[in-house]
Amino acid sequence: MNQWPEWLPLKESLRQRTPYGAPQLEAEARLNTNENPYPLPASVVSAIESSIGAQLAGLNRYPDRDAKVLRQHLVHYIKKHVIKDDALSITSKNVWPANGSNEVLQSILLAFGEKAAGFSPSYSMHRILTESVGKSFKSVPLKADFSPDFEMLKGFLSARKPEIFFVTTPNNPTGRSLNSSEIASIAEAMAVHRGLLVVDEAYGEFSDEQSAIALLDRYPNLIVVRTLSKAFAFAGARLGYAVARPEAIDALQLVRLPYHLSALTQAAGIAAIENADILLSGVSQLKASREMVAEGLRALGLTVIPSDANFILFGGEALVAAKNLWQRLLDRGVLIRDVGIEGYLRVTIGTEAENKKFLETLSELLPRS
Ligand SMILES: *Cc1c(COP(=O)(O)O)cnc(C)c1O
């Protein structure tokens, strides 16, 4: 599609590509990128302002390369909110923050192995990042109900022996979670050929399952990747982090850019984590709304994939029969996501007004049965 000029020595493998990204369009209800719909409350805005303000005169110097204070805050957050165990043996050495979890994922791919793999459908950036650093990615199809076929997976892993396997849980775009023993069984299968299991928990705060961080004691070959972009209502700040054994964290330092995380991002992140209770207060509302939206979709005769995240994948005959549904919703001010799965669309849970607008508009557009 792209006509790149002759003089530009673009890599062959990139020539047919387009940059990743959902359309950033204005719409009354923007329900396409799984952000938290609630703006930051004024009290948190001022806390972030003063935290950033304290850094400004010092911007002539490079930031703390090791983000020591931010790391301590992340450790505290994990113990208090994620695993809820003060005795958990996680320290700053187990944590590495970066500019969004996408930077963490890219660093993992730069540091480890030649072959990566993951389920399909899942987060498409895992493949895109793998291929953009010149490595190969193979996908293992999920079953028709979007759950993994563990027998098939084990056969695949022992034959292909990828150094990296990605699991997204709750999965994007399906919303389904794996439980701890399922994660453990994949980690075990990866360990047989000295592979790493990367668990992408971008939606972890919305899930009823335990974080894979609790498995780090038993499985050194785990890297858990999390973000402040979703539940934390902090997507614009770009902050994600890895939680892993110190040796794996040390290996990531070999490929990180010098001073990759700005003093401003670190300061904003520290203030955000200090206000975690407030920033995460929308999560229970969003989970309740998720069940209401699921109910509304079922009432319209649609199929709903059970979701443990802040979005829902839905489909069914009525959706297929309503031609061009994505565009027609957008024309009426409702932006959702076509994730490229035939017969399905994905909607992010928004504010109550947005959810209502989505369900009402959808019901107008579906063919009457
Ligand atoms: C949204 C999302 C991310 C978040 O990326 P950031 O770079 O942290 O904003 C990571 N993984 C998955 C599966 C996601 O859906």
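Above: the structure in question.
Being a predicted model, the structure only gives us computed values, none of them experimental.

Thresholds applied
Residues numbered from 1 in each chain as written. Predicted model: local features only at pLDDT ≥ 70, side-chain atom pairs only at ≥ 80, totals over all residues. Heavy atoms only, no water. Helix = DSSP H or I, 4+ residues; strand = E, 2+ residues; numbered from the N terminus. Rg over C-alpha atoms; globule rule 2.2 N^0.38 Å. Buried < 20%, exposed > 50% of the residue type's maximum accessible area, 1.4 Å probe, protein only. Contact = heavy atoms within 4.5 Å. Areas by Shrake-Rupley, 256 points an atom, 1.4 Å probe, with all protein chains shown as cover. Lys, Arg positive; Asp, Glu negative; His and termini not counted. Charge placed at Lys NZ, Arg CZ, Asp CG, Glu CD. Salt bridge = Lys/Arg side-chain N within 4 Å of Asp/Glu carboxyl O. Pairing = 2+ DSSP bridges. Axes fitted to C-alpha atoms, helices over the stretch in contact; angles between N-to-C directions. 1 Å grid on protein atoms, 1.4 Å probe; cavity = no way out; pocket = protein on both sides within 12 Å on 5 of 7 lines; lining within 4 Å. Points joined across faces, edges and corners; volume = space filled by probe spheres on them.

Chemist: An account of the overall build of the chain is needed here, citing residue identities and associated values.
Modeler: Helix and strand counts for the chain come out as 13 helices and 12 strands. Relative to its length of 369 residues, the chain is compact, with a C-alpha radius of gyration of 21 Å against a globular reference of 21 Å. A principal-axis box enclosing the C-alpha atoms of the chain has dimensions of 60 × 55 × 55 Å. Counting only residues that meet the buried cut, the chain has 52% of its 369 residues in that class. Looking at the chain alone, contacts between residues at least 24 apart form 72% of all its contacts between residues at least 6 apart. Carbon and sulfur atoms form 52% of the exposed surface of the chain, whose accessible area is close to 17400 Å². When the 39 basic and 40 acidic side-chain charges of the chain are each reduced to a single mean position, those positions are 4 Å apart.

Chemist: Describe the pattern of salt bridges, listing the residues and the values that go with them.
Modeler: Applying the stated criterion across every chain, the model contains 13 salt bridges. Two residues, Arg226 and Glu201, come together in a salt bridge whose shortest N-O distance is 2.5 Å. Of the two residues, Arg226 sits in strand β7 (residues 222-227) while Glu201 sits in the loop between β6 (196-200) and β7, which places them 25 residues apart along the sequence. The pair Arg226 / Glu201 is uniform in exposure class, with both members buried. Its salt-bridge partner being Arg298, residue Glu295 comes within 2.9 Å of it at the nearest N-O pair. A residue pair is termed a helical-turn pair when its members lie 3 or 4 positions apart in one helix, as Glu295 and Arg298 do in helix α10 (residues 282-299) at three residues. Residue classification places Glu295 among the partly exposed residues on the basis of a relative accessible area of 47%.

Chemist: I'd love a proper account of the sheet that holds strand β9 (residues 303-304), names of residues and values included.
Modeler: Pairing between the strands of a sheet comes from backbone hydrogen bonds, and it takes one of two forms, parallel or antiparallel. As summarised here, the arrangement of the three strands in space is β9-β10-β12, forming an open sheet in which the pairing is antiparallel. Of all the strands in the sheet, the pair left with one neighbour each is β9 and β12 (344-348). Two strands pair when backbone bridges link them, and strand β10 (residues 311-315) and β12 are joined in this way by five bridges, in the antiparallel orientation. In the sheet register, Phe314 faces β12, and the bridge partner there is Leu345. In the packing of α10 onto the sheet, the strands contacted are β9 and β10, and the crossing angle to β10 comes to about 10 degrees.

Chemist: Can you tell me about empty space enclosed by the protein, naming the residues and giving the values?
Modeler: What the rule picks out here adds up to one cavity of 30 Å³ or more. The computed volume of the largest cavity comes to approximately 60 Å³. Asp64, Arg65, Asp66, Ala67, Arg71, Trp96, Pro97, Gln253, His260, Leu261 and Gln266 together form the lining of the largest cavity.

Bear in mind that shape data such as this cannot, by itself, settle questions of function.
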